Amino acid sequence: MATSAHRQTSLGAVGALPPSAAGCDTGRASDENDEPWSPGRSLPVSVSADEKGRTPIRSYKRRDLAGRVYASDEARSFATNSANEIHSKLRNKFPSFVKSMLQSHVTGGFWLGLPNQFCKSHLPRSDEMVTLIDEKGDEYPTVYLAQKTGLSGGWRGFSLDHSLVDGDALVFELVKPTTFKIYIVRASDYRP
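The written sequence of each chain sets the order in which its residues are numbered from 1. The predicted origin of the model limits local features to residues at a pLDDT of at least 70 and limits the giving and counting of side-chain atom pairs to 80 or more, whereas totals for whole chains, interfaces and linings rest on all residues. Excluding hydrogens and water, the side-chain values take into account all heavy atoms of the structure.

1. Structural notes on the overall build of the protein
Under the convention used in this document: The way it works is that DSSP assigns letters per residue, a run of H or I at least four long becomes a helix, a run of E at least two long becomes a strand, and they are numbered from the N terminus. Remark: exposure states derive from per-residue accessible area (1.4 Å probe, protein chains only) relative to the maximum for the residue type, with buried under 20%, exposed over 50%, and partly exposed in between. For this analysis, residues touch if any pair of their heavy atoms sits within 4.5 Å. Here, Shrake-Rupley sampling with a 1.4 Å probe gives the accessible areas, and only protein chains in the shown set may cover a residue.
Scanning the protein from N- to C-terminus turns up four helices and 10 strands. Sorting the 192 residues of the protein into buried and exposed places 42% on the buried side. Taking all contacts inside the protein whose residues are at least 6 apart in sequence as the whole, residues at least 24 apart take part in 59%. Roughly 10,400 Å² of accessible area belongs to the protein as shown, and the carbon and sulfur atoms make up 50% of that amount.

Structure follows, in structure tokens:
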């Protein structure tokens, strides 16, 4: 695939790459001697837009999985309860659900299984691209695997761009047949 734009940036600054920003260098390049990634630290990422300036293609530096951080039961409960509150305040106009993040969702395999019954009732019966829209309005294309009822390709980028960790909770609101609006609640916001 030919690309006409490329830039190196940090995790927190990733979003849609406007054609006017093509070719600009806004961050530091990846270095073999960098310290391993840890929560709260930016993860170097390369962002490329295609020749028409459409949604960028992202590639990420691998994380050191030995430094995984697990949420406490209290922090996980806080995030899930807060997400359930948001979920209950949504208008019943669109179907929605809450999903608590586990290590397998946010590190390593980056597989996100979705509730079976929700998928059977509301999502396509065949594999399809599903768009995730974050709270800023940035869009992330992902691959929905109908037989496995989950998100695969593209989910990793969403997870890394939003620094999701074990214990965070997400509210998924299906605003179009293949588009979810995502609300994120951080387990790290828990205060004992």
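2. So, the side chain of Thr179
Note that Thr179 resides in strand β10 (residues 179–185). Those residues in contact with Thr179, other than ones at most four positions away along the chain, are Thr131, Ile133, Glu173 and Leu174.

3. So, the sheet that holds strand β5 (residues 112–113)
Here is the rule we go by: At least two DSSP bridges between two strands are required for those strands to pair. Throughout, an axis means a line fitted to C-alpha atoms (over the contacting stretch in the case of helices), and angles, computed between N-to-C directions, take values from 0 to 180 degrees.
Reading across the sheet, the seven strands line up as β4-β9-β10-β6-β7-β8-β5 and stay open at both edges, with mixed pairing between neighbours. Looking along the sheet, the strands with just one partner apiece sit at the ends: β4 (96–100) and β5. Pairing geometry for strand β9 (residues 169–176) and β10, over seven bridges, is antiparallel. Within β10, the residue paired with Leu174 across the bridge is Phe180. Against the sheet, helix α1 (residues 73–89) contacts β4, β9 and β10, and its axis sits at roughly 170° relative to β4.

4. Considering the pattern of salt bridges
Note the following rule: The rule for a salt bridge is simple: a side-chain nitrogen of Lys or Arg has to be within 4 Å of a carboxyl oxygen of Asp or Glu.
Summed over all chains, the structure comprises two salt bridges. The salt bridge partner of Asp166 is Arg76, with a shortest N-O separation of 2.8 Å. Pair noted here: Asp166 is in the loop between α4 (155–161) and β9 and Arg76 is in helix α1, with a separation of 90 residues, a long-range link. One salt bridge connects Asp168 with Arg186, and the closest N-O pair in it is separated by 3.4 Å. Here Arg186 lies in the segment after β10 and Asp168 lies in the loop between α4 and β9, a separation of 18 residues in the sequence. With a relative accessible area of 1%, Asp168 lands in the buried category.

5. Things to note about the packing of aromatic side chains
Filter applied, for reference: Stacked, edge-to-face and tilted labels apply to pairs of Phe, Tyr and Trp rings (six-membered ring for Trp) whose centres lie within 6.5 Å, assigned for plane angles under 30 degrees, over 60, and everything in between, in that order.
Within this structure, the stated rule accounts for eight aromatic pairs. Relative to Phe172, the ring of Phe97 lies with its centre 4.9 Å away and its plane at 5°, an arrangement referred to as stacked. Residue Phe97 is located in strand β4, and its partner Phe172 is located in strand β9; the two are separated by 75 residues in the primary sequence. Looking at Phe172, the relative accessible area reads 0%, which means it is buried. Pairwise contacts between aromatic rings join Phe97, Phe118, Phe172 and Phe180 into one cluster.

6. Some remarks on the confidence of the model for the protein
In low-pLDDT regions, the fine details of the predicted coordinates are not to be read closely. Note the following rule: Think of pLDDT as the predictor's per-residue confidence, scored from 0 to 100.
The predicted model of the protein averages 76 in pLDDT, with 65% of residues at 70 or higher. Low pLDDT (under 50) marks residues 1–46, which in the prediction has 101 contacts with non-local residues, meaning those over four places away or in another chain.

7. What to know about α1
As a reminder, the rule being used: Helix span is expected to be 1.5 Å times the residue number reduced by one. This arc describes the spread of directions from the helix axis toward the C-beta atoms.
Taking 1.5 Å as the rise per residue, α1 with 17 residues should run 24 Å; its terminal C-alpha atoms sit 24 Å apart, in good agreement. Listed in full, the buried residues belonging to α1 are Ala75, Arg76, Ala79, Ser82 and Ala83. Down the axis of α1, the buried set is contained in an arc of 135°. They therefore lie on one face. Pointing more than 90 degrees away from the buried face of α1 are the exposed residues Asp73, Ser88 and Lys89.

8. A look at unusual backbone geometry
Peptide bonds are trans in most cases, and residues, glycine excluded, mostly fall at negative phi. Notably, Thr149 is not glycine yet its phi reads approximately 45°, a positive angle. Among the secondary structure elements, Thr149 is positioned in the loop between β7 (139–145) and β8 (150–151). Assessed through its relative accessible area of 11%, Thr149 is described here as buried. Of note in this structure, Ser163 is not a glycine but carries a positive phi near 50°. Mapping Ser163 onto the fold places it in the loop between α4 and β9. Residue classification places Ser163 among the partly exposed residues on the basis of a relative accessible area of 31%.

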